Amino acid sequence: MSTQPLFTPYRMGDLDLPNRIVMAPLTRMRAQSHDHVPTAVQADYYAQRASAGLIIGEATAISPEGFGWADTPGLWTEEQVRGWRRITDAVHKAGGRMIAQLWHTGAISHPELLGGAQPVSASNVDPGQLSFTRTGRKPTVTPRSLTKYEINVTIADFARAARNAMEAGFDGVQILANYLYLISQFLNATTNLRKDEYGGSLENRSRFLFEVVESVLGEVDALRVGVKISPMHEGGAFQANEETLSIAEYAIQKLSTYNLSHLLLMGNTTDFSGTPLEKLAGDGMFQHFRPLFDGTLIANVKMDRDRGNRLIAEGLADLVAFGRPYIANPDLVQRFAENAPLAEVDWETVYASGPHGYSDYPTYQPSKDLTPHR
Ligand SMILES: Cc1cc2nc3c(=O)[nH]c(=O)nc-3n(C[C@H](O)[C@H](O)[C@H](O)COP(=O)(O)O)c2cc1C
């Protein structure tokens, strides 16, 4: 038995995890283009990674309007639910646990992905990002702002996707509330210029997030519902501003009152120097937010075995999520247990199609040449 903190069992909500190594959500564009149904190769890929304490599935659109990245899966049709069921069955058969990540891309989508329709958002502000269409990356366009009626429909779509996820055999759900997507478009003062109760104050800008959380809680027990949220500094309209930290603090403190399964908190992915998030760089993110969230905290971004063990030992994280390391190392848990070297990612095949560079990364085989001779 390993004495590493990453290898101590953990109870997250009402799920027993055999270790604290989490596979972070990774979009890999292997779903069917025309109907957004996950494919058989995805079942192989996820089952290969079932030794993780928890797998967080790739971002999955909650509705046709929320769809916004080519070849990614959905959770609004019966066929999609059946496709996911093949995957969750394969993961469970291999001894794993898996939750679904619920996604509405909002203004990051593109008319090419929406049958020509304009993407929707909190307000009609072009986020100044790139959309991932079937014919490559294209600049985002100016979205149209959701009406209040449409906001209610979207909130109900989150609930339907959560219900579908449980029907598909997932062990829970995670609401995607960071990066550049619809919930962040409401939280961010630059992309939310609304004058109604969904815009303006911190409370108003986070209203959409909390209405989504509450509608999902109407379908799935809180012990199986988590949120991915963190202040970020990205390009265009998502550069950190003077309210980026305060809205994250407000939202995370309020999320703490819902007895949720977990909070997935990303450390900095970009350079925070000279931004209002400067003090959150490195471990600063976890030092700042750990006291504000009373529940399971999953730390992520640029983790390795030693840093993961240290953050758990220091009480800054309960679980540690690994994204890029899981692309090329299906047996990451085993490699950490044995302190084996990690395989490198082939970036050419990350967003490609089929099994190559996806479900054909081998497990670690100690080379005979490296076996010490005595
Ligand atoms: C190829 C790729 C796809 C990703 N897809 C998602 C996604 O679908 N949902 C999400 O919340 N984050 C996504 N992320 C972010 C990862 O979950 C993770 O937060 C990030 O890679 C940092 O962790 P790491 O340093 O261990 O890679 C993606 C990252 C990569 C590299």
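In what follows, the structure referred to is the one given above.
Residues numbered from 1 in each chain as written. Predicted model: local features only at pLDDT ≥ 70, side-chain atom pairs only at ≥ 80, totals over all residues. Heavy atoms only, no water.

1. Quick look at the overall build of the chain
Rules: Helical segments are the DSSP runs of H or I of at least four residues, strand segments are the runs of E of at least two, and each set is numbered from the N terminus. Between the two quantities, the radius of gyration covers C-alpha atoms and the globule rule is 2.2 Å times the number of residues to the power 0.38. Any residue under 20% of the maximum accessible area for its type is buried, any over 50% is exposed, and the rest in between are partly exposed; the area is computed with a 1.4 Å probe on protein chains only. Surface accessibility in these figures is a Shrake-Rupley result with a 1.4 Å probe; residues are shielded only by whichever protein chains are displayed. When charges are counted, Lys and Arg contribute as positive and Asp and Glu as negative, whereas His and the chain ends are disregarded. Charged groups are reduced to one reference atom each: NZ for lysine, CZ for arginine, CG for aspartic acid, CD for glutamic acid.
Summing up its helical and strand segments, the chain has eleven helices and 14 strands in all. Relative to a compact globule of 374 residues, whose C-alpha radius of gyration would be 21 Å, the chain shows 20 Å and is just as compact. Taken along its principal axes, the extent of the C-alpha atoms in the chain is 75 × 45 × 40 Å. A total of 374 residues make up the chain; the buried ones form 59% of that total. For the chain, the exposed area adds up to about 14,800 Å²; of that, 51% sits on carbon and sulfur atoms. Side chains of the chain carry 34 positive and 42 negative charges; the gap between the two charge centres is 2 Å.

2. Quick word on the site of the ligand
What counts here: Residue proximity to a molecule or strand is established when one non-hydrogen atom of the residue lies within 4 Å of it. Contacts described as polar in this section are N or O atom pairs within 3.5 Å, which, within protein, must combine one atom able to donate a hydrogen with one able to accept it, while residues neighboring in sequence count only if both atoms come from side chains. Amino acid classes used here: Ala, Val, Leu, Ile, Met, Phe, Trp, Tyr, Cys and Pro are nonpolar; Asp, Glu, Lys and Arg are charged; the rest, including Gly, are polar.
Not every one of the 19 residues close to the ligand is listed here, only the nearest: P25, T27, N300, K302 and R324. A distance of 2.6 Å separates an oxygen atom of the ligand from a polar side-chain atom of T27. With respect to the ligand, the side chain of Q101 contributes an N or O atom lying 2.9 Å from an oxygen atom. Alone, the ligand offers 610 Å² of accessible surface; in the complex the protein occludes 90% of this. Counted by class, the shell around the ligand contains twelve nonpolar, four polar and three charged residues.

3. Some details on unusual backbone geometry
Residues other than glycine seldom take positive phi values, yet H36 does so here, at roughly 60°. Assignment of secondary structure puts H36 in the loop between strand 3 (21-23) and helix 1 (40-48). Its identity as a non-glycine residue notwithstanding, Y179 has a phi of 60°, on the positive side. Along the chain, Y179 falls in the loop between strand 10 (173-176) and helix 4 (182-187). Taking relative accessible area as the criterion, Y179 reaches 29% and is therefore assigned partly exposed.

4. Focus on the packing of helix 6 (residues 207-217) against helix 7 (residues 244-255)
As a reminder, the rule being used: For helices, the fitted axis covers only the stretch in contact; all axes are lines through C-alpha atoms, and the angles between them, taken along N-to-C directions, range from 0 to 180 degrees. Orientation categories follow fixed angle ranges, with anything under 35 degrees roughly parallel, anything over 145 roughly antiparallel, 65 to 115 roughly perpendicular, and all other angles oblique. Here a crossing is taken to be left-handed if its near helix is turned anticlockwise relative to the far helix by less than a right angle, and right-handed if that turn runs clockwise. Contact between two residues is taken to exist if any of their heavy atoms lie within 4.5 Å; hydrogens are not considered.
The N-to-C vectors of helix 6 and helix 7 enclose an angle of 20°; their axes lie 11 Å apart at closest approach. Relative to helix 7, the element helix 6 lies roughly parallel. Here helix 6 and helix 7 pass one another in a crossing that is right-handed. Judged by residue contacts, L209, F210 and V213 of helix 6 engage A251, K254 and L255 from helix 7. For the contact of helix 6 with helix 7, the residue count by class is five nonpolar, no polar and one charged.

5. Observations concerning the packing of helix 1 against helix 2 (residues 78-93)
Packed helices, taken two at a time, are described by the angle their axes make and the gap between the axes. Contact pair helix 1 / helix 2: the axes reach a minimum separation of 8 Å and the direction vectors enclose 25°. When the axes of helix 1 and helix 2 are compared, the pair comes out roughly parallel. Of the two possible hands of crossing, helix 1 and helix 2 adopt the one that is right-handed. Here A40, Q42, A43, Y46 and A47 of helix 1 lie close against helix 2, whose contacting residues are W84, R86, I87, A90 and V91. Counted by class, the contact of helix 1 with helix 2 contains eight nonpolar, one polar and one charged residues.

6. Some thoughts on the pattern of salt bridges
To keep things clear, this is the line we draw: Put simply, a salt bridge is a Lys or Arg side-chain nitrogen that is within 4 Å of an Asp or Glu carboxyl oxygen.
In total, this model carries 17 salt bridges according to the counting rule given. Of the charged contacts, one joins E219 and R163 as a salt bridge, the two residues approaching to 2.8 Å between their closest N and O atoms. Of this pair, E219 sits in the loop between helix 6 and strand 11 (225-228) while R163 sits in helix 3 (residues 148-167), and the two are 56 residues apart along the sequence. Residue E219 is classed as partly exposed on the basis of its relative accessible area of 34%. With a relative accessible area of 38%, R163 lands in the partly exposed category. Between D331 and R335 there is a salt bridge, with the nearest N and O atoms lying 2.8 Å from each other. Taking relative accessible area as the criterion, D331 reaches 9% and is therefore assigned buried. Members of the salt-bridge network, linked through shared partners, are D283, R307, R310 and E314.

7. Digging into the environment of S109
Within the secondary structure, S109 sits in the loop between strand 5 (98-103) and strand 6 (120-121). Not counting residues up to four positions away in its chain, the partners in contact with S109 are F67, G68, L114, P119 and S131. One polar contact links the side chain of S109 to the main-chain carbonyl oxygen of F67, over a distance of 2.8 Å.

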